[in-house]
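Structural overview
Read off the chains here:
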Amino acid sequence: MTTRFTSPARRKLVVTAALSLAASLAPTLSWAQAAWPNKPVRIVVPYAPGGANDILARVVAEKLAPSLGQPVLVENKPGAGAVIGTEFVVKAPADGHTLLMAASGPIVFNPALVAKLSYNPITDLVPISMAGSFPMILAVNEASPAKTFNELVALTRANADKSNYSYPSASFQLVMELVKAKSGLKALNVPYQGSAPSINAVLTQEVQMTLIDSGPIAALVKSGKLRALAVTSEQRLASYPQVPTLKEQGIDLAVNFWSGLLAPAGTPAPIVRRLQEEMARIMALPDVVERMAKLDIRPVGGTSADFARIIATEIPLWTQVAKDNNIKAQ
C-alpha cells in the first residue's frame, strides 16, 4: 500500500496490534501440558467454496497436513459479509485447532463499513501469516473510446453526469473511491450482487467501467470483449503484460487485496510460530508458486509481526475512505 496514514488513530492501532500480538504469543500452561496438534485442525473460510481465498486455504491444508501429522480440514462458513465465519473462529478455543483463512474483507474492510461489528480484528485474533495478495483490474467495454486509463479519466470529466461504475461489494467500492480521489476520475457507483452481474453490466453497457479481481474477467479480456486499462498492483501481471499499473500512468497508488491465516487471540506462542514457519515454507514451494501465478496471486508467507502491521495500517486507511464517501456495508 503506497498511501500512508500518520494520524493518531493509526498510531494507536499499531500500538494496540503490537500489544495484542505480544499477549497472544505469551506461552501458556496448556502448551506445556499437551502436544499440538492432538486432533484434526480446521481452517475456516468465511466464504463459499471456489474463490481465491478458498483455494488458498485448500492449498495450505494439503501441504500442512503431512507436516503436522494430523488431518487439516477446510470448512466453509459464508454469510453476513464474512462475519459468520470470522466470529466462529473468534469464539473458538485458542488451542491451535481452529484457524481462519480470511481475505481483507472481514479484517480491514468490515471495521470500516460495519457500525457495530461483533468482533475486533485487532484484539480478538492473532495474525499468523499473510498467505497471498492479489490486485484488481479496471476494465471497460470493448466499445469504449477510452484506450488508456488517462483517456478514461478525461472522458469521465467531460461526461461526469453520464459516467458510472459497477462493483460487487463495498470493499471494491472503497478501492474505487480511493482510485477516484487519486486520479480525478469522475463516476457514480452502481452496486451489483456479485462479480458476474457487475461484469455483465459492463458487457451490456449499463455502466462504463468496473473494478474487479482479475480471475473473473481474464477470459473476457483475452477475447477482447472487455478492455483492461489498469492494474492496481505494484508491477504488471504476467497474465496481463499489456496492462500498465496505475503508477505507470502517473497515479501514485498501489492497492492489493490479500488473504491470510489467523487464530483466536490467546493461541500459544509456539503454535503461532510453528504455523508461521509452515506458511513461509508452503508459500515458497515451486508448485504452489506456479499454481498461484495462474490465479494472479502473489504468494507471501510473511511474519506474524508484518501481518499485524499491515492490518493496523489498513483499518484506519479504509475507515477514512468510508467516512469521506459515506460508504456503509450493503
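Nothing here was measured: the structure is a model prediction, and the numbers come from that model.

Rules used throughout
Residues numbered from 1 in each chain as written. Predicted model: local features only at pLDDT ≥ 70, side-chain atom pairs only at ≥ 80, totals over all residues. Heavy atoms only, no water. Helix = DSSP H or I, 4+ residues; strand = E, 2+ residues; numbered from the N terminus. Buried < 20%, exposed > 50% of the residue type's maximum accessible area, 1.4 Å probe, protein only. Contact = heavy atoms within 4.5 Å. Areas by Shrake-Rupley, 256 points an atom, 1.4 Å probe, with all protein chains shown as cover. Phe/Tyr/Trp six-rings, centres within 6.5 Å; stacked < 30°, edge-to-face > 60°. Pairing = 2+ DSSP bridges. Right-handed = clockwise from strand over helix to strand, strands pointing away. Salt bridge = Lys/Arg side-chain N within 4 Å of Asp/Glu carboxyl O. Polar contact = N/O pair within 3.5 Å; in protein donor to acceptor, adjacent residues only side chain to side chain. pLDDT = per-residue confidence, 0-100.

Our focus in this paragraph is the overall build of the protein. Helix and strand content of the protein: 12 helices and 10 strands. Taken over 330 residues, the protein has a buried fraction of 53%. A sequence separation of at least 24 residues applies to 79% of the contacts in the protein between residues at least 6 apart. Approximately 14100 Å² of the protein is accessible, and the part contributed by carbon and sulfur atoms is 56%.

This brings us to the packing of aromatic side chains. Scanning the model with the defined rule gives 6 aromatic pairs in all. On the numbers, 5.4 Å between centres and 75° between planes, the contact of F109 with F257 is edge-to-face. You can see F109 sitting in helix α5 (residues 104–113) and its partner F257 sitting in strand β9 (residues 256–264), a full 148 residues away along the chain. Each member of the pair F109 and F257 is classed as buried. When the ring of Y165 is compared with that of Y167, the centres are 5.7 Å apart and the planes differ by 40°; the resulting orientation is tilted. In this structure, Y165 and Y167 share a single accessibility class: buried. Taken together, the ring pairs connect F109, F134, F172, F257 and W318 into an aromatic cluster.

On to the pairing of strand β6 (residues 188–191). As judged from the 4 bridges shared by strand β5 (residues 164–167) and β6, these two strands associate in the parallel manner. Residue pairing in the sheet places Y165 in a bridge with N189 of β6. In this view, the connection linking β5 to its parallel neighbour β6 by way of helix α7 (residues 170–183) has right-handed handedness.

What follows covers α5. Most of α5 is tucked away, with 9 of its 10 residues classed as buried. Of all the residues in α5, the buried ones are S104, G105, P106, I107, V108, F109, N110, A112 and L113. Its buried side turned inward, α5 meets α4 (83–90), β3 (98–103), β4 (125–141), α7, β9 and α12 (304–325).

All right, on to the pattern of salt bridges then. Counted under the stated rule, the structure contains 10 salt bridges. Among the salt bridges present, the one from K91 reaches E87, with a minimum N-O distance of 4.0 Å. Residue classification places K91 among the exposed positions, given a relative accessible area of 65%.

Along strand β8 (residues 226–231), 6 of the 6 residues are buried, which leaves the element largely enclosed by surrounding structure. Pairing geometry for β4 and β8, over 5 bridges, is antiparallel. Bridge pairing in β8 links V140 to R227.

We now examine the environment of R236. By the secondary structure assignment, R236 is in the loop between β8 and β9. Under the relative-accessibility criterion, R236 is labelled partly exposed at 39%. At a separation of 2.8 Å, a polar atom in the side chain of R236 contacts the main-chain carbonyl oxygen of P241. Of note is the side chain of R236, whose polar atom sits 2.9 Å from the side chain of E248.

Okay, the confidence of the model for the protein next. Overall, the predicted model of the protein reaches an average pLDDT of 89, with 89% of residues at or above 70. Ignoring residues within four places in sequence, the model shows residues 1–6, a span with pLDDT below 50, making 18 contacts including any to other chains. In the model, residues 26–33 has pLDDT below 50 throughout and makes 10 contacts with residues more than four positions away in sequence or in other chains.

Once that is clear, we can look at unusual backbone geometry. Cis geometry is adopted by the peptide bond preceding P37, which originates at W36 and carries an omega value of -5°. Mapped onto the secondary structure, P37 falls in the loop between α2 (29–33) and β1 (41–45). Of note in this structure, A80 is not a glycine but carries a positive phi near 55°. Here A80 lies in the loop between β2 (72–76) and α4. Classification of A80 as exposed rests on a relative accessible area of 55%.

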